[in-house]
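Structural characterization, general
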Amino acid sequence: MSKDYYPYSKYTRVWIPDPEEVWKAAEITKDYKEGDLVLYLKLEDETPVEYPVGQKSNALPFLRNPDILVGENDLTALSYLHEPAVLHNLRVRFLESNAIYTYCGIVLVAINPYEQLQIYGEEVINAYSGQNMGDMDPHIFAVAEEAYKQMARDERNQSIIVSGESGAGKTVSAKYAMRFFATVGGSANDTNVEEKVLASSPIMEAIGNAKTTRNDNSSRFGKYIQIGFSRHYNIIGANMRTYLLEKSRVVFQAEDERNYHIFYQLCASASLPEFKDLALTSAEDFTYTSLGENIFIEGVNDAEDFKKTREAFTLLGIKDSSQNSIFKVIASILHLGNVEICSERDGESCRISRDDVHLQHFCRLLGLELQQMEHWLCHRKLATTSETYVKNMSSKQATNARDALAKHIYARMFDWIVENINQALQTSIKQHSFIGVLDIYGFETFEVNSFEQFCINYANEKLQQQFNSHVFKLEQEEYMKEQIPWTLIDFYDNQPCIDLIEARLGILDLLDEECKVPKGTDQNWAQKLYKQHSSSAHFQKPRMSNISFIIIHFADKVEYQCEGFLEKNRDTVYEEQINILKASQFQLIADLFNDKDGIVSVKSSRVNVRALKTVPKAPNKEHRKTVGHQFRTSLHLLMDTLNATTPHYVRCIKPNDYKEAFSFDSKRAVQQLRACGVLETIRISAAGYPSRWTYPDFFNRYRVLMKKSDMTSADKKLVCKNLLETLIKEPDMFQFGKTKIFFRAGQVAYLEKLRTDKFRSACIKIQKTVRGWLQRIRYRRIRKMAITLQRHGRGYLARRYAEFLRQTRAAIICQKQYRMVRERREYLRVRRAVVTIQAYAKGMFTRRIYHEFLLHHKAMIIQKNVRGWLQRKKFRQARNAAIIIQCAVRRVRAKRELKQLKIEARSAERLKKLNTGMENKIVQMQRKMDDQSKEFRAQNEQLQMVNASLGSEVNKLQKQLELLCSQQEDGGQLRSLEEELEQLRTQLEEAHALRKRLEEEHSNEKMDLTQRVEELERENFLLKSEKEEMNQHILQHSKSAEEEMSSVSLQSELDQERQRYQNLVKEYSRLEQRYENLKEEVSLNKFQPGHMRNPSNQSSPESDSNYPSVSNSENGDTENAIQLVDEIGMEKAAMDISLFMKLQKRVRELEQERKRLQINVDKLEEVAKRKGSESRASISEQETADLAYSNLKRQELESENKKLKNDLNELRKMVSERASQNSSSNELQDSYNLLLSQLKAAHEELDARKEEVLILRTQIVSVAQLQEKNENILSLNVTETDSSPVVNNSTDPLDKEEALRAYHGLCESKNNHQDWCYLNEDGELGLAYQGLKQVARLLEAQLQTQSRQHKDELEALHTQIELLKTDIEDKQEKLNKMSSLSPEAKVEYSIQQEITRLTNDNLDLKELVEKLEKNERKLKKQLRIYMKKVQELEATQAAAQTTRSRPVMSRQVTVQRKEKDFEGMLEYNKEDEALLAKTLINDIRPSTVSGTVPCLPAYILFMCIRHADYINDDQKVESLLTSTINTIKKVLKKNNDDFEMTSFWLANTSRLLHCLKQYSGEEGFMTHNTPKQNEHCLKNFDLTEYRQVLSDLSIQIYQQLIKVAEGIIQPMIVSAMLESESIPSLAGVKPMGYRNRSSSLDTDADGPTSYTLQALIKQLGQFHNTMQDHGLDPEIIGQVVRQLFHCINAVTLNNLLLRKDVCSWSTGMQLRYNTSQMEEWLRANNLYQSKAAATLEPIIQAAQLLQVKKKTSQDAEAICTLCTALTTQQIVKILNLYTPLNEFEERVTVSFIRNIQNRLQERNDPPQLLLDTKYTFPVLFPYSPSALSLETLHIPASLNLDFLVRV
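Definitions and limits used
- Residues numbered from 1 in each chain as written.
- Predicted model: local features only at pLDDT ≥ 70, side-chain atom pairs only at ≥ 80, totals over all residues.
- Heavy atoms only, no water.
- Helix = DSSP H or I, 4+ residues; strand = E, 2+ residues; numbered from the N terminus.
- Buried < 20%, exposed > 50% of the residue type's maximum accessible area, 1.4 Å probe, protein only.
- Areas by Shrake-Rupley, 256 points an atom, 1.4 Å probe, with all protein chains shown as cover.
- Phe/Tyr/Trp six-rings, centres within 6.5 Å; stacked < 30°, edge-to-face > 60°.
- Lys NZ or Arg CZ within 6 Å of the ring centre and 35° of its normal.
- Pairing = 2+ DSSP bridges.
- Contact = heavy atoms within 4.5 Å.
- Axes fitted to C-alpha atoms, helices over the stretch in contact; angles between N-to-C directions.
- Parallel < 35°, antiparallel > 145°, perpendicular 65-115°, else oblique.
- Left-handed = near helix turned anticlockwise from the far one by under 90°.
- Expected span 1.5 Å × (residues − 1).
- Polar contact = N/O pair within 3.5 Å; in protein donor to acceptor, adjacent residues only side chain to side chain.
- Nonpolar A, V, L, I, M, F, W, Y, C, P; charged D, E, K, R; others polar.
- Salt bridge = Lys/Arg side-chain N within 4 Å of Asp/Glu carboxyl O.

**Considering the overall build of the protein chain**
Of the regular secondary structure elements, the protein chain holds 54 helices and 26 strands. Burial analysis of the protein chain (1847 residues in total) assigns 45% to the buried set. Accessible surface computed for the protein chain: about 100,000 Å², of which carbon and sulfur atoms make up 52%.

Here it is, written out as C-alpha cells:
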C-alpha cells in the first residue's frame, strides 16, 4: 500500500457503536494521527462527536465501504468485511430494494418480509433452472438449483440446511426448495410423486406447527426430508425424519399462544356429520386448547385448513378409516384434558367422578375399559423384588400423570403419521441419489430457558461446527485451485462446548445418571454439574442461583433453569395406563402402543412369569431410554448424514418481533447474524483474501490507472501484475492466482479511492480547459452583444420618442370620444330606469284589478256547483223511489216469465236449435281457420319472394365485385367504383324502403291475426260455456233420478257382452301375431341377396335417405301412410315395412279401446250387483231396442274383424309370392296396386270401426243413467204438474233470440201434450252432448296448434326482419363511413369491405359445397357398390361373355390413357408403397435434393395420389396418405433435435397440404390456377379430412421446429444480449464476490461459453437461410422468426429482472445497441413486417428505462409514458435493481420509486413479474399455390425411384 495513504484521514466515513441502532454512520472531520486519544467525527445529521480512541479501551472505528459497493448481492464482495458493513448492506437491500435474499459466500441469508411476494411462480423456477449460482440475483431457487446441479454433475448427495429463529421463515424456505425440486425433477411416470412430497407439508404443519408469540405458524419440531432421485434425476420418492417434538405444548401453552393447529382445525369442523360422534365443541371449551386465552389466528380459517389437511391425507393414500382413527385420537386427547380429578380430604389420594362425560368420551373413542382407566388415572403400581402393591396418587400427581399420558399419545400418533407418510413416499425403484432439506430450529435464548432450549442449542452447536469446517474447507480448496500460498486460518472451534454437553460425564450423562436415581431431583443434578464442570471455560455458575447454570455457546451466553429437566428427560408414562391402551378394541390404537421389537420377548416372558414377580421387562425397554439419549443418537445420525453430503446453507433472519412487513430492527438482526454463523463466515473470509477479481474484470475496471505504454501489451495478466506492484507496495496485501487476483480486506477500497482520485484529477483538468474556453467564448459574445445593444438602444430611443408624440395625439382624441360616450351612457341609463319604474307601476295596478275580478269569478263558480248539487240530490231521491216501485212490479212479472221459461226448457225443439247454432258456429270457425291458413301461406310466399329478390341482389353484387376486381388494374378504376357505389346506395335505399313496407305489412297482418285469434277465443269461450251449461243440466237431472233396472235382464246382458268381448280379444291377439309374422317375412325378403338394387340416385339402406320416411310421424294414421306411398312411388315404398307397422299400430289402438270398454263393463257389473236387491219394472221397449242396437253393432264389428283378417292373410300371401318369385315389373306393379287397395280398404274399415266403438262406449256408459233420468223425470212430472220446475241459472238463454226460440218450442210441446223427457228416451241428447264435447276438444286442440304455428311463423318473420334490418344498418354505416373518406380511401375501403363480405359468403358456400360433396361421395360409393353388384350379377348369368369382354375393356382404357404423353401423375404398384415411403421420406436427406425443385418429395407424393384418384382406387389413396403421415412422424421423432430436417419436412408437409388444396377442384382454390393446372384436379375423391390431418401435422412440426431453434439459441441469449461488449470500453465491472465460483461451474470444461451478438445474429441467419433453401413459405418463416424474437426478448428481460449486476446505464446502452442490430437484421432479410420487431418492445423500453434520468417528478411522468410494454412490477423491479457503476452516478431514491408506483396504480397489470418464455403464438398456414406444372417436373435418378412410372 502506498505510504501516502492513511485510511483515517479527513472525509473518511466510519461506523461507531450506538445503543439504539447498534451501528451509526459518521465522517471524520480532522485527520487522525497515530497516538491521538480523540477522533473528531460528524454524524449524518451534522452533529459533532468526539470519539475516544485508546489501545486498551476503544479501538479505531470500522471503515465504511464506498457507496458503489453498498447493496451488493454477495456480502463477500464488500471491501471491508465486518459486522456494521454486513448489517448496513442487508438493511439497504431489504428496505430500499425489497430484496429479501443476500449471499454471504456459500450462505444464503433470507429475511422474512412478512408479506406475500410474487417471486415464487413457475416462471421464476424456469428462469433459475440451469443457471449458475451467482449469475442471477440471490434466491432460494438458486441454492436449490446449485444442489440439483452438483448432484447431477458430481453424483454426490446434497443437503440444504435451513435454520433460524422461530418466525424467521424456515418452513416456508424449505417448502419453496421442495417445490423447486418437484418442478425441475418431476417424476418420469404418472405416479405424481412430486405432488405427494408437497402434500406432506400441510399434514406436518397441522400436527407439528403452532402459534407462538413470535410466529403464527412456528414449527415445533425439526425435520430432515430426503428427496430421492433416479439415474435420470427424476423424483422417485422421499423420506422424512423428525427431531425433538415439543410434546409439552400438548398440555401447556403460554399466554397468547396456541396448541398444535390440528386441535383447532378439528374443533372448527366439529359440526360436520362425520364428526358428530367425536362430541367436540368449540376449542374454548377444552383445557388443552384454551390455556393461551386466544384460539384464533388473524387471517387463518381453521376449517379451510382442515379441508386441505384431509385432502393431503387422501392424496398420500391414507384411508378414510385411518383418518377417522387419527381424528378420534386427537379428540380423545382433548377429552382427556377435561377429565376432572378431585382431591380427597386426606390430600394424598384423589378420585374421578363416575359421571364424568369427558372420561366416557375418551374411553369410547379409544375403545378402552372405562373402570380400568378411571382406576389407573388415580392410582399407580409399585413393584419391588418381593411384592407389588397399588398406591394412591395425589391430585397433582394424577394430573401430571394424565398430562404425561396425553403427551405420550400425541407423540405416538405423530410418529405413526410420519411413518405412514414415509410409506406413501417410498418407491420400489432404486434410489440413485438424494437431496436432503433440513428444517431445524435455530439458536434460542429466552428469559426462562429449559430442557427444550438446551437440546435446540446443543443441536445448533453441532451444526455450527460442521458449518465452520465446511467454510474453511471451501476456502482452502479455492486457494489450492488457484495455486496461491496460504496459511492456516484460525477459526472458532466449538468442540469444547460440545464436549461439555455430550462427552463422558458431560451434562447429558449426568442428567441420565440422575434420572436413574430413585429419588433424583433437579437440585442434586445442579450440584453435580457445579462440582464436575466448574473448571470448564464454557460453563459458569450464576451468582444468585443454585438451580441454574450458564453455558457459553458460540452465539451467546445462555442461562438454563434446572427445574423440570429430569421430568422432561424421563418422559415418564405409567405402564398400567399404556397396557390399557394396548388392549384397545381398535386395532390402530393398539398398534400405536405395541412395541414391534418386543413382541416376541413379551410372549416368551409370559410363559416363565412367577407370582409376585411382575417387574416389566421387554415393554419397558423403550421407556428407559431418556429423551436426551434419544436426541443425542438422532443428532449423531443426522450429522453423519450431513457429513456424507455436500451442504448448502440458508440462514433465515427475523427482521422484527412485530410481524410488520418490511420493517428492520437492527438489534434483533445482529443477534441472529451472530447466532446463525454469518458473521463467522465473514470473519473467516476476512482472515484470508476476501476480495477476488478475474484478470479481465480487473483490467477493465482499473485500466484508467495504467499508463499508455502498459496497455499496449497483449498479456493482460502481466499488465495487472505490473500495475498492482506499482500501486500496492506491500506484497502480502494481494496474491496472483491462475485466473483471479486475491486481495486482503480493504485493498479494493484503496484501489477504488485511487480510481476515484484519477477520475477526479482528470475531471479537474477537463473542467479547467473547458472553463477557459467557455470564458473566452463568453467574452467575445458579450462584446458583440454590447455593440449590438448600443445600436439597437439608440434606435429604440428615437422610435420611442416618435411613438410618444403619436400616443399624445391619440390620447387627446380618445379622451374626447370617451367623455362623449360616458355622458351618453349616463343619459341612456337614467332613461331606462324611468321606463322600468313606469312599467312596474302600471303592471302592479293591472294585477290588482285582475285579482279582484278573479275572486268574483270563483265565487260564482262555487254558487253554481252548490245549486247543481242540491238539484241532483233531489232528483236521485225521486228516481230511487221510482226504481223501487218498478222492481216490485217487475218481480211479479218475472215470476210469471220464470214459469214459462221452465216449461219452455223442457222442449226438445230448443235443444235442436241450440245444436243447429253450435254446428253453424263450428263450420264458421273452420272456415275462419282455413282463411287464416291461406293468409299465412300468402305471407310465406311473399316472404320467400322478398328473400329471393334479396338473394338475386346479393348475387348481382357479387358479380359486380368480381368485375370490379378484374378491372382493378385499369386506369379508369376510380370512376367505375364511384358509379358502383352510387348503384349500391340506390339499391340500399330501395332495400330500406322495402323493409319499411314489409314492416308495415307485418304490423298490419299481426294486428289482423291478433284480432282473429281474439275472435276465435271468444267463440271458443262461448262454446265452452254452452258445453258447461249442458253438462250441468244433465248432471242435475242425473243426481235427482234414481236407478231402476231389472237385475236379471241386466246380468244376462252383461254376460253376453263379456262373452263377445272375450272373443274380440282372441281375434286381436291372433291378428297381432300374424302381423308380427308378416313383418318378419317381409324383413327377410328385404335383405335377401337377390333383391333389386336401388337406382344410383337414391340412398342405400345404410346411408341417409333423400326422401322422408313413411314412419317418421307418430301421430299419423294409415291414410297418411297411403298418401305418402302414392307420393313417393312404388319402388321407394317397397323397401319400407313401416306400412305394415301402421296397421299394427292401429290394431293396438283398438286393443286399448277394447280394454277401456272392458273396464266399463266391469264397473257396470259392480253396479248391477249392488242394485240387485232393488229390482224395479221391466225394461221398456225403447231400452230393448237400444240393447238390440248394441248387439247388432258388436256383431258387425266381429264380421269386420274377420274380413280384416282375411284381407291381411291375402296381403301376406301376395308379399311372400313377390319375394319368392322373380316377377317382371308389371307383376310387381299389380302386386303393389293390390297392396294399396287393401290398405285403403283396411283404413276405411278401421275408421268406421273406431266410430262405432265410440258410439258403443257412449251408449253403454249412459244407458243406465238415461233410464234413471227418464223414470225420475216421469215421476216428477206426475207429482208436480201444477208447480213450476226448478231450472239451474246456468241453463238460461244467452241472448233474447235464443230465449224466444226456447219459448216457442215450449209452447209447441205443451200443445202436443209431450214432455221433453219423452223425446230423450233414445239417448239422443246424451249422444249429441258427447259428440259436441269431443268436437269442442278437437277445435280447441286445432286452435292451439294454429296459435303455436302462428307464433312460430311470427318469430321466424321477426328474425328475418331483424337480419334484414341489421344488414341494412351495416350497409348504411359503411356508406356513411365511405362518404367521409377521400376518393382513394373510398376505393380502398369499399374493396376491403367487399372482400370481407365475399370471404364470409365463400366460407358459407364452402360449407354448403362440402356438405354436397360429402353427399356426392356417398352416392358415388353407392354407385360403385351398385356397379360391382351388377357386375357380379352379370358374371353369374353370362360368365363366358364377361371373360371375352374384359380384354376389350382393358385395351380401351389403355388407349384412353395414351392419348396424352404425360399428365403429371406417377403410377406405382401397391406392393411398392412401403419402398416409396422408405426411399422418399425415411432415407432422404435435405442435401440430396438441394439442387432440385424445393419441396420435391411433396410434389412426388401428390402425383402418386393423383394417379390413385385417376384410377378410382380409394384404398390406395387412403393407404398412401396414412403411410406418408406416419413415416413423416417417425422421421421427425428420430431427428427431434435436427433443425434442418425439421425445417425440411415442415416445408414439404405444408407444400403437400397446399397441393391438396390447389388441385382439390374447389372453386375457391381453382381461381389461382392455370387452365392446365385445373385439368390436373382430383376427379373422384374429396380429401378434405386428410387436409385437416396434414394441417395438424404441420402445426406439430412447426412447434418442434420452434422447440429445436429455441434450444439452440437459448444458451446464447443472455451472453449475447447482456454480457458481451458490443460497444467496446463501455461496460464497467464491479466486484462480484463469489459469483461464478468453482462449485457452480463444470470443472471439466474451461468455464461457461461466451457468445457475442454477432454469433446470435449469425445463428438466426443460418435458420433463415435453411428455411428459405427448403422452400418454406415466407409467411411461416416470418412466424418462426417472430417466435424466436419473443424467446430472445423474454429470456433477456427475465435475466435483467433477476440480475442486479446488469441493471446499469452502460448495460442499457449495450442493450439498446443490440436490439437495434436485431432490427437491422430483420430489415435486411425483409422480415420487419412479420411483427417480430414488436416482440422486442419490452426489452427496448427496459433499456431506455436504464438510460433515462430518474430524479424529478417530470422524469417519473416521462417513464410512465415511455414504458407502456412493461408492467408496474417490472418497472419497479428494474428501478430497485439499478446500480451505479461509479461515484458520479446516483442511486434511484425510494421516494422516486414510490412516485412511480403511485402514478401506475391505475394500470391493471397482471401480478406476474417475469415473461412466459414458453408462450407460443398461434401459427397460421396461409394458402400458397404453386406455379409449377406437374407435367414438367423432373425426378432425379439419385432418388432411386425407378419403380415409379409416369402417366
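**Here's the deal with the packing of aromatic side chains**
Taken as a whole, this structure holds 37 aromatic pairs when the rule is applied. Ring centres 5.5 Å apart and planes at 85° place the aromatic pair F275 and F327 in the edge-to-face group. Residue F275 is found in the loop between α6 (261–268) and α7 (287–290), and its partner F327 is found in helix α9 (residues 320–337); the two are separated by 52 residues along the sequence. Aromatic side chains F549 and Y560 sit 5.5 Å apart centroid to centroid with 35° between the ring planes, which places their arrangement in the tilted category. Separated by eleven residues along the polypeptide, F549 in strand β19 (residues 548–552) and Y560 in strand β20 (residues 557–561) bring together distant segments of the chain. By relative accessible area, which is 0% here, Y560 ends up buried. Ring pairing ties together the aromatic residues Y120, F141, Y148, Y176, F180, F181 and F229, which thus form one cluster. The residue whose ring lies beneath K721 is F736, and the NZ or CZ to ring-centre distance is 5.5 Å. When the ring centre of F1817 is taken as reference, the NZ or CZ atom of R1682 above it lies at 3.8 Å.

**Quick notes on the sheet that holds strand β5 (residues 62–63)**
Across the sheet, which stays open at both edges, the five strands sit in the order β4-β3-β2-β1-β5 with antiparallel pairing between neighbours. Of all strands in the sheet, those with a lone pairing partner are β4 (48–52) and β5, marking the two edges. Both strand β3 (residues 38–43) and β4 contribute to a ladder of five bridges, which runs antiparallel. The residue of β4 that forms the bridge with K42 is P48. Strand contacts of helix α1 (residues 83–95): β1 (13–18), β2 (22–28) and β5, with the helix running at about 100° to β2, the strand carrying the most contacts.

**Some thoughts on the packing of helix α43 (residues 1514–1534) against helix α44 (residues 1539–1558)**
Axis separation between α43 and α44 bottoms out at 10 Å; the angle between their running directions is 165°. The pairing of α43 with α44 is recorded here as roughly antiparallel in orientation. Viewed along their axes, α43 and α44 form a crossing whose handedness is left-handed. Each of T1524, I1528, V1531 and L1532 in α43 lies in contact with α44, whose residues at this interface are M1541, T1542, W1545, T1549 and L1552.

**Considering unusual backbone geometry**
Not every positive phi belongs to a glycine, and K1731 is a case in point at roughly 65°. Relative to the helices and strands, K1731 is located in the loop between α50 (1705–1724) and α51 (1737–1747). Owing to a relative accessible area of 56%, K1731 belongs among the exposed residues under this scheme. Notably, N1840 is not glycine yet its phi reads approximately 60°, a positive angle.

**Focus on α44**
Between the first and last C-alpha of α44 there are 28 Å, a value that for 20 residues agrees with the 28 Å anticipated at 1.5 Å per step. Summarising burial for α44: 19 of the 20 residues are buried, a large majority. For α44, the N-terminal capping position is held by D1538, with its side-chain oxygen 3.1 Å away from the main-chain nitrogen of E1540.

**Thoughts on the environment of K528**
Looking at the element boundaries, K528 is found in helix α16 (residues 522–533). Judged by its relative accessible area of 29%, K528 is partly exposed. In this structure, the C-alpha to C-alpha distance between K528 and I507, residues 21 residues apart in sequence, is 9.3 Å. Not counting the four nearest positions on each side in its chain, K528 is found in contact with L510, E513 and E514.

**Details of the side chain of Q672**
Residue placement: Q672 occurs in helix α23 (residues 666–676). Here the side chain of Q672 touches K654 through a polar contact of 2.6 Å, landing on its backbone oxygen. Excluding residues within four positions of it along the chain, Q672 makes contact with E165, A168, C652, I653 and K654.

**Comments concerning the packing of helix α52 (residues 1753–1762) against helix α54 (residues 1790–1799)**
As a packed pair, α52 and α54 sit with axes 10 Å apart at the nearest point and diverge in direction by 45°. What the angle tells us is that α52 and α54 run oblique. As for the relative orientation of α52 and α54, their crossing is right-handed in sense. Together, S1753, D1755, A1756, E1757, I1759 and C1760 of α52 and F1792, N1795, I1796 and R1799 of α54 make up the contact between the two elements. Of the residues that constitute the contact of α52 with α54, the class distribution is five nonpolar, two polar and three charged.

**Comments concerning the pattern of salt bridges**
This model, assessed by the stated rule, comprises 36 salt bridges. Where D509 meets R632, a salt bridge forms, and the shortest distance between an N and an O atom there is 3.3 Å. In this pair, D509 sits in helix α15 (residues 507–516) while R632 sits in helix α22 (residues 627–643), placing the two residues 123 residues apart along the sequence. On the basis of relative accessible area, D509 is assigned to the partly exposed category, the value being 23%. Here E826 and R829 are joined by a salt bridge, their closest N and O atoms 2.3 Å apart. With a gap of three residues between them, E826 and R829 both fall in helix α27 (residues 747–905), about one helical turn apart. Members of the salt-bridge network, linked through shared partners, are E165, K654, D657 and R668.

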